[in-house]
Every structure is written in C-alpha cells, then in structure tokens.
Amino acid sequence: MQADARLERGSRVQTPQSATSLEPDPELGPDPEEDARARAKFAALHGPALRASGVPERYWGRLLHKLEHEVFDAGEMFGIMQVQEVEEHESEDEAAREARKKPNPGGQLCYKVIVTNENGLQAADPNSIFLIDHAWTCRVAHARQQLQQMPGLLHRMANLMGIEFHGELPSTEAVDLVLEEMWKFNQTYQLAHGTAEEKVPVWYIMDEFGSRIQHADVPSFATAPFFYMPQRVAYTLLWPLRDLDTGEEVTRDFAYGEADPLIRRCVLLPWAPADLLDLSSSTPEPADEHYQAILEENKEKLPLAIKPAVYPCNHIFKVYTDVQQVLGHLSHPRFTFTQSEADAHILYHFSHLKDYRRLSRERPSVLLNQFPCENLLTVKDCLASVARRAGGPEGPAWLPRTFNLRTELPQFVSYFQQRERRGEDNHWICKPWNLARSLDTHITKNLHSIIRHRESSPKVVSKYIESPVLFLREDVGRVKFDIRYIVLLRSVKPLTLFVYDVFWLRFSNRPFALNDLDDYEKHFTVMNYDPDLVLKQMHYDEFVPEFEKQYPEFPWKSVQAEIFQAFTELFQVACARPPPLGLCDYPSSRAMYAIDLMLKWDSRPDGKRVMQPQLLEVNFNPDCERACRCHPTFFNDVFSTLYLDEPDSCPVTRLV
C-alpha cells in the first residue's frame, strides 16, 4: 500500500472539537527538546489527516505515545456486555418498542460497549483517545480469495458476525454469508495519492471491540481511520464527544454527516430495515444549478466568444502534445511537433484544461483537443443526467437505468425494493464517477453493499445487463463482449460529429452466467492491463462475419445503425443547451472520445426480439495503443478530420 500523509475518506468525517495546543507528554521521553521535535514531526506528517477527521489536538501527544508503543488500553476503560433481548409487553407503546430496536450488526446475539472504569471518562483528559485494531483489511476484489486462503480469517469473521461455522475447510456457503454480512461491519478509507490502483478504496473491519460499538443518532464517541506512516499501519481512533459516567454506553453515528432524515433512513438500512416502496423512484434531470455547481467545483472558466481561426489551405500546423501515442504515430506532412507551447498552433493535452477564458483572451486562434464542459459526457453521473433529455426521468433505451448514489439514493432504494417485490432481476453494477478500466467497479444484488459503497467514493449504480448478447468463443464458450468506437467531435454549433469506421472488441474469458459476481474474467472484459490474464483479440473485419454467422437474423449493418443512432442522440442532447448545461460552443475546440458499449436482448411491443445498444461510458483521451498498432495511419486520420477538415480521405463516417 502506498504510504501517504493523509487519507481521503467518504462521508464519515467526525465532528471537529475545539482545538488546543499540543501539550508536552512526560511519557514521550526524557528530553523536552526531543519531545518537541517528535511532536512537531508528528503534527507535520499527520496533522492534516487528524484535522480532517476532527481529532482534537489535545489528544495528539498521547496518541503519538500510544502509536509509538502500540498501547491498546481500551480494556482499562471499557467492557463488552452481552445484552439479553426481552420480550415485548402488550402494554408497551410503539415508541417504546422502537426505542429498544437499536441497530446491532451481525446475528442474534446483541452486544454493547460500556464504560467500566469506576471513575468514568472525561473528554478533556488528554489520554481519552484509544486505538482500535483492524481484524481484516482488503479491497473488495480480493475479499473472497482472502477468506478462502488466509488461515483463521473465515473463522474469526464468522464468529465476529455471529455466523455459525463448522468444520476446518472454508465452505462456499460460509464464505458467501460473510461476504453478505460484512457490509454491516465494513469501514473504508482511500489514499489521497498514488497510482489509480492504489487509490481504489480500502475496506476494513474493526476488531471485536470496535465492531461491538453500536449506533446512536446522538453518539457519545467519534471514530476515524488513521494511517500511521512510520509503521505503515492503519488503526481506528476512538475519542469521546462528552464526559461519560461508569455504565454509560459507547456509541457512534453510523450515518455521520447525513442531516436529511430520509437520507439517514436509507444509509441506516443495513442495520435498520425500512420500507421505501411508496417513495417515487423517478429521477428527472437535475436543476440548472446542479451543472453550475459542477462547473465551479471543477474550477473551469468558460471561454470568451471568439471568431473561428482561419489558416491558409497549405498551412503547416505546429503541434504541442504530451500524449506519447500522438508523438509516436502522427506523421502527416502538414503537422510538425514543437516543444514550445507558446509556438504551437494546436495544443493536444493529455489532461483537461481549466482556464479557457485566459486562453480565449490571449491565444484565440490556438486549436485544442477538448471542449469546455465535456465532463457532461465523460463523467458517469453527468452522462446519466444529460441522457435523460433524450429519454425522460428513466433515461433513454440506450443507457442502462442509472442512479447517482450521492443525490438519488432514496429513489434508488425505492426502485430496488419495487423490483424486488415484483420478482424482477436486481443485479446492479456500482461504478466510480470518474475512473476507467473497471477499477473499483462491483456487481452485486446486495442492497446493503450498494448503500455502503456510497461512503468510499462518489459512485453511480447502473442496472447490470442481465441478458447481454453473447459471442461464442470456440475455446471458451458464450462470453460477454463490449465494443469501443472512436467518435470525433469537430464542432458543437453546428453539431459536426464523425465516427471512425474501425471499432475494437473486448471479450470476457469465461462463459457468462448470473452467478459468481466477483469472478472478474466472467463479468468484465478489460484484460489488457493485467499480464496474468488471457487477452482475446479479434479484428473488426473478422468479428463481423462471425457475428452474422452466429446471429443470421441480425445483419451487422442494421445493428451498427442502431449504435450510430444512439451516438447521434447523445451528442444532440449534450450540445443542445448552453454551458454549463451543455458542451460549450468554442470554435477552437475539437475532440476525440471513445464510447464503450454492449448489446442486450430486448423486446418491442409487438414481441419481436431486438438487440438494444447499451452505452457504458464515454472516455476522453482514450488509450489508442491497439488502434495505432493495427492502423498506423490512425492519428493521421484523426488530425485530418478534426484540424484539416479533410474527412473524405479518411475511414470515417459523418453522423451529424
């Protein structure tokens, strides 16, 4: 795990307390100057994370001592008490019964953590901060393998969760039960820096003491994950929010940070079942203010109005780029590279620009490889919102039903429960708003899992395609596949859109079935970033005749026409409104996007079976390694279409 000076966390940051100076601690060492240096170093390294978590500074000195010496002294202050459930009395009113029904993770046994120290506990005491060890830490993709292979882990988790487990060898049933129940116990943090893989959220389960701490809407304690850099170990910190007497219960807020009663009700569903069937699951497009807030959050400054740049017909364009595939494969004689950004006619950046206003004011004739507000296409929650312009509150037929878990959680819970009541398929896929390559993406039919994933990073949840069109691989069987098309946006007004005639295919490695949802090679198609996975490659001109052989009633030309119609509708609605509600009409902008899609089986009103395209995501600056390898003129074609306005000599089709 990559070490980092702070942890990015979800919605579980605790309430900040009034900070005090970091007081000297006599137990840290005999030399006051050495103590001061140690405290200052600790504060510099960990202060940002501690402040973000709301840990009062009065605890930092003792915290450093406990971390350095691995002092786990919670047993001196607290005890775990098993609570016997009492039968309901007829005379009890409903409020009294509800008051007793506090959420309790796990099975039938009910536990509480109470203060057992005879002097109670004072919040002002610098020693009133405690380390909680973690019993299990993993990333979700590795959970099943760890339960099966790590000695003693399954036994410990089953006991902690109140699951009966017999025998020595891990059984599939026991593993499945732990994977289902763990969402009542999981906590999460995320590293702020590192590679994309290293920033995938980490989930952990506190030890038996920490996992017995119960929920309260008005908690007595706060908790926060903490990564101690010198030892590269993560703990949970526990500290009081008020003074407690002997016998008082230690509680924390399982839905900390959520003030809205309806959202809290949804967030607490894993521990307190609730019926949201009567709530509307309709998700109309967000208000205009939503898009303005996104613009401000992205710190994107819209350009000034400019006139289109005019270059002579034989002009040689100087290109400044940090995209290695462009540097290695653009060979058209009308383009030359420059290492000076100031001298360039075309800026082809790998990363997103922010200050279009300055660029439009100082260098309006410089051509770009991106559009202002294009995140409306390339970020998954925005894509779902914008697509509703084409299909209403439930979205168009070419996009899986999608909910933003940050803003549409109650609607999703209602929709899930409605489908459950009707006996409809309820497999869903959780995706981060802005990650590619299937990172931190999870398929599940567990509502609790989906709700908890909301805490780790911003996510959407989309209906998993339960009836995909499959492709018969002779070496494997009938597998999932997806298709990547490259689209070229020449302008917003007038809307001018091309699609590259060559498309690319990705295949799963195992036959598809709606089981083993954590089997990556069965349910995912991105195999080219893991050297241990088999990568099945097939050129499009091999695929088309084989596809038509397998599905003779569906000529590829007709299927592709439906795909192109979906592309057209998407860009029409994305470009129809002014920024920040739509892509900005900036005359110097051009862009290349990759659209990934699948095909699913659907039925028309007349009962006829059809293949319905399902757009999965739109990618800015996609990996074009295969394109360049199989079609060496790829970037010449892209640049000719976008910057020379010479599409006729290129393998592209104009859509709009």
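Shown above is the structure to which this text applies.
Note that the structure is a prediction, hence the values are computed from the model and not measured. Residue indices begin from 1 for each chain and proceed along its sequence in written order. The predicted nature of this model means local features are confined to residues of pLDDT at least 70 and side-chain atom pairs, given and counted, to a pLDDT of 80 or more, with totals for whole chains, interfaces and linings taken over all residues. Hydrogen atoms and water are omitted, and side-chain values are computed over all heavy atoms in the structure.

Things to note about unusual backbone geometry
For the peptide bond that leads from Lys 493 to Pro 494, omega is -5°, which places it in the cis range. To qualify as a helix, a DSSP run of H or I must reach at least 4 residues; to qualify as a strand, a run of E must reach at least 2; elements of each kind are numbered from the N terminus. One can find Pro 494 in the loop between β22 (481-491) and β23 (496-500). In the segment running from Pro 579 into Pro 580, the intervening peptide bond is cis, with an omega of 5°. Locating Pro 580 in the fold gives a position in the loop between α18 (556-574) and β25 (591-603). In this structure, Lys 299 is a non-glycine residue whose phi angle is positive, near 55°. The residue Lys 299 is located in the loop between α9 (288-297) and β12 (317-321) in this model. Here's how the labels work: a residue is buried when its accessible area is under 20% of the maximum for its type, exposed when over 50%, partly exposed in between, all with a 1.4 Å probe on protein chains only. Residue classification places Lys 299 among the exposed residues on the basis of a relative accessible area of 63%. With phi around 70°, Cys 373 is a residue other than glycine that occupies positive phi space. Topologically, Cys 373 is positioned in the loop between β15 (367-368) and α12 (375-378).

Side note on the sheet that holds strand β4 (residues 130-132)
One requirement defines pairing of two strands: DSSP has to find at least two bridges between them. Pairing is antiparallel across the open sheet formed by 3 strands, whose spatial order is β4-β10-β9. In this open sheet, the two strands that pair with only one neighbour each are β4 and β9 (221-228). The mean inter-strand angle of the sheet, taken between neighbouring strand axes irrespective of direction, is 35°. One ladder, built from 8 bridges, connects β9 with strand β10 (residues 233-240); its direction is antiparallel. Bridge pairing in β10 links Ala 222 to Trp 239. The contact rule is simple, with two residues in contact once any of their heavy atoms fall within 4.5 Å. To define axes, lines are fitted to C-alpha atoms, for helices over the stretch in contact only, and angles between the resulting N-to-C directions are given on a 0 to 180 degree scale. Contacts from helix α1 (residues 32-53) reach β9 and β10 within the one sheet, and its direction differs from that of β9 by about 145°.

A closer look at the pairing of strand β5 (residues 134-138)
Counting buried positions along β5 gives 4 out of 5 residues, so the element sits mostly inside the fold. Relative to strand β7 (residues 202-206), β5 runs antiparallel, the two sharing 4 bridges. Residue pairing across strands places His 134 opposite Met 206, the latter belonging to β7.

Regarding the sheet that holds strand β19 (residues 459-463)
Taking strand neighbours across the sheet as the criterion, the 4 strands line up as β16-β19-β17-β18 in an open arrangement whose pairing is antiparallel. Pairing within the sheet leaves two strands with one partner each, and these edge strands are β16 (402-404) and β18 (442-444). Adjacent strand axes in the sheet meet at a mean angle of 25° when their direction is disregarded. Sheet topology note: the β16/β19 ladder contains 3 bridges and is antiparallel. Residue pairing across strands places Asn 404 opposite Val 460, the latter belonging to β19. Where helix α13 (residues 380-391) meets the sheet, it contacts β16, β17 (428-432) and β19, and its direction lies at approximately 120° from that of β16.

Details of the packing of aromatic side chains
Where two aromatic rings form a pair, the distance of their centres and the angle of their planes describe that pair. The pairing test for Phe, Tyr and Trp rings, Trp by its six-membered ring, is centres within 6.5 Å, and the orientation test on the planes gives stacked under 30 degrees, edge-to-face over 60, and tilted for anything in between. Following the criterion strictly, the structure yields 44 aromatic pairs and no others. Relative to Tyr 235, the ring of Phe 72 lies with its centre 5.8 Å away and its plane at 55°, an arrangement referred to as tilted. Here Tyr 235 lies in strand β10 and Phe 72 lies in the loop between α2 (60-69) and β2 (78-83), a separation of 163 residues in the sequence. The buried category is assigned to Tyr 235, whose relative accessible area is 3%. Ring geometry for Phe 503 and Trp 556: centres 5.4 Å apart, planes at 35°, overall tilted. In this pair, Phe 503 is assigned in the loop between β23 and β24 (504-507) and Trp 556 in helix α18, connecting sequence segments 53 residues apart. In this pair, the class of Phe 503 matches that of Trp 556, namely buried. Just above the ring of Tyr 415 sits the side chain of Arg 401; from NZ or CZ to the centre is 4.9 Å. Here, a charge over a ring means that NZ of Lys or CZ of Arg falls within 6 Å of the ring centre while also lying within 35 degrees of the ring normal.

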